[in-house]
Amino acid sequence: MDVSLDPTLGCGQAHRWRRTGEWWEGVIDNDIVRMRQTDYGAEVEGCSDMGRLMRYFRSEDDLDAIVREISERDPYVASLSEHCPGLRILKQDEWECLATYLLATNANVARIGKMVESVCDACGRDLGGRHAFPSPKDILDNAERIPSCRLGFREGRFIELARRVEDGEIDPVAISELDYEGCVRELIGIKGVGPKVADCVAIFGYGHLEAFPVDVRIQKVVEEMYGVSGSYAKVSAFGRERFGRYAGYAQEFLYHSKFIASRRTP
DNA sequence: CATCAACCTGATCA
DNA sequence: ATGATCAGGTTGA
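Residues numbered from 1 in each chain as written. Chains lettered and ligands numbered in written order. Predicted model: local features only at pLDDT ≥ 70, side-chain atom pairs only at ≥ 80, totals over all residues. Heavy atoms only, no water.

Asks: Describe the protein's contact with DNA strand B, and please don't skip the residues or the numbers.
Replies: The local shell around DNA strand B consists of N106, R111, K114, R150, G152, F153 and R154. The contact atoms of DNA strand B, taken as those within 4 Å of the protein, divide so that sugar and phosphate hold 69%. For the surface near DNA strand B, the per-class residue count stands at one nonpolar, two polar and four charged. (Near = heavy atom within 4 Å. Nonpolar A, V, L, I, M, F, W, Y, C, P; charged D, E, K, R; others polar.)

Below, the structure written as structure tokens:
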């Protein structure tokens, strides 16, 4: 499997990966996984289920074919993939992805990571050094520790989400049966989940690669490059129609192009 | 349906 | 150093 760890794990799609020297350390389910880049792919330590790891990295995604397909619709955006070869969209755990992105509201990537790690430390199973992402029950059983995580206005939404999932009002597994539109419709009904978070969960948690999440950065790029602006619905629909079933990958390429541009311009 | 302030906190900027 | 600003948005008016 071809993969570049830096753009894949460091771009903010998953929030539990930390880089120390040449090693990336993260938590997948109940494993503390360490990875480092090799010529051909990645070296892995600590993973008890390589099949799970392959699914996590969506090893079935043929990156060249995806870029080719995007290229038929928009060669320029496809060419942006050269800035981040080996970038893969991840397939994260549904519940973890939903709960994590609920916390992402109006916070920067650094802060999201801290909130997530804090919640894991406070409520998740101790794996030895790192903690697993807590189940809804873990959160409810340790609710008194949540205030120390300093989630701010997200705290109430976070606990309510845990309660509704634990009570069966929300079923993250059942949502995986739905198509993209059904998935988003279902997610948006959750308090604290708007269109942006729903799209992120649809793509990173449920594997709907046609989702085109529009954050402030993508909003600016799309306006600059295509002159498209306006409501969330309008811009994200533009992305899906323009780039097709791999719009999510196109979104990543655009995201990284903006990153490079903004770092070059003081 | 579009617009807009308020929202917790902390990292970043002036 | 210390205060303003803003951040992978959502909500409710």
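Asks: Would you mind going over the side chain of D31 in detail, with residue names and values included?
Replies: Here D31 lies in strand β3 (residues 31-37). Here D31 is buried and forms no salt bridge, its nearest opposite-charge partner R125 lying at an N-O distance of 7.7 Å. Polar contacts involving the side chain of D31 include one to the side chain of S48, which spans 2.7 Å. Leave out the neighbours within four places in its chain, and D31 touches G26, G46, C47, S48, D49 and L127. (Helix = DSSP H or I, 4+ residues; strand = E, 2+ residues; numbered from the N terminus. Buried < 20%, exposed > 50% of the residue type's maximum accessible area, 1.4 Å probe, protein only. Lys, Arg positive; Asp, Glu negative; His and termini not counted. Salt bridge = Lys/Arg side-chain N within 4 Å of Asp/Glu carboxyl O. Polar contact = N/O pair within 3.5 Å; in protein donor to acceptor, adjacent residues only side chain to side chain. Contact = heavy atoms within 4.5 Å.)

Asks: With reference to specific residues and values, describe the protein's contact with DNA strand C.
Replies: DNA strand C sits among 23 residues. The nearest are G12, N108, G194, D215 and Y255. The sugar-phosphate portion of DNA strand C accounts for 51% of its atoms within 4 Å of the protein, the bases making up the rest. The backbone of C11 places a nitrogen or oxygen atom 2.8 Å from a base oxygen of DNA strand C. For the surface near DNA strand C, the elements supplying multiple residues, two or more each, are α6 (109-123), α11 (195-204) and α14 (247-264). In terms of residue count, the dominant contributor to the surface near DNA strand C is α11 (three residues). The class makeup of the residues in the surface near DNA strand C is eleven nonpolar, eight polar and four charged.

Asks: Can you break down the environment of I70 residue by residue, with the values?
Replies: As for its placement among the helices and strands, I70 is situated in helix α3 (residues 63-73). Accessibility expressed as a relative area gives 0% for I70, which makes it buried. A sequence separation of 88 residues divides I70 from F158, and the C-alpha atoms of the two residues are 36 Å apart. Among all residues touching I70, those that are not within four sequence positions of it are P75, V77, A78, F243, Y246, Y249, A250 and F253.

Asks: So what about the environment of Q251? Which residues, and what values?
Replies: As for its placement among the helices and strands, Q251 is situated in helix α14. Along the chain, Q251 and L90 lie 161 residues apart, while their C-alpha atoms are 14 Å from each other. Every residue in contact with Q251, bar those within four places of it in the chain, is listed here: F212, P213 and I218.

Asks: An account of the pattern of salt bridges is needed here, citing residue identities and associated values.
Replies: Evaluated as defined, the whole model comprises 19 salt bridges. Taking the shortest distance from any N to any O, the salt bridge between D6 and R19 comes out at 2.6 Å. A residue pair is termed long-range when its members are at least 10 positions apart, and D6 in helix α1 (residues 5-10) and R19 in strand β1 (residues 18-20) qualify at 13 residues. You can call D6 partly exposed: its relative accessible area is 39%. R19 gets classed as partly exposed once you look at its relative accessible area, which sits at 46%. Two residues, R163 and D167, come together in a salt bridge whose shortest N-O distance is 2.9 Å. Three or more residues joined by partner-sharing salt bridges are found here, namely R16, R18, E25, E117 and R130.

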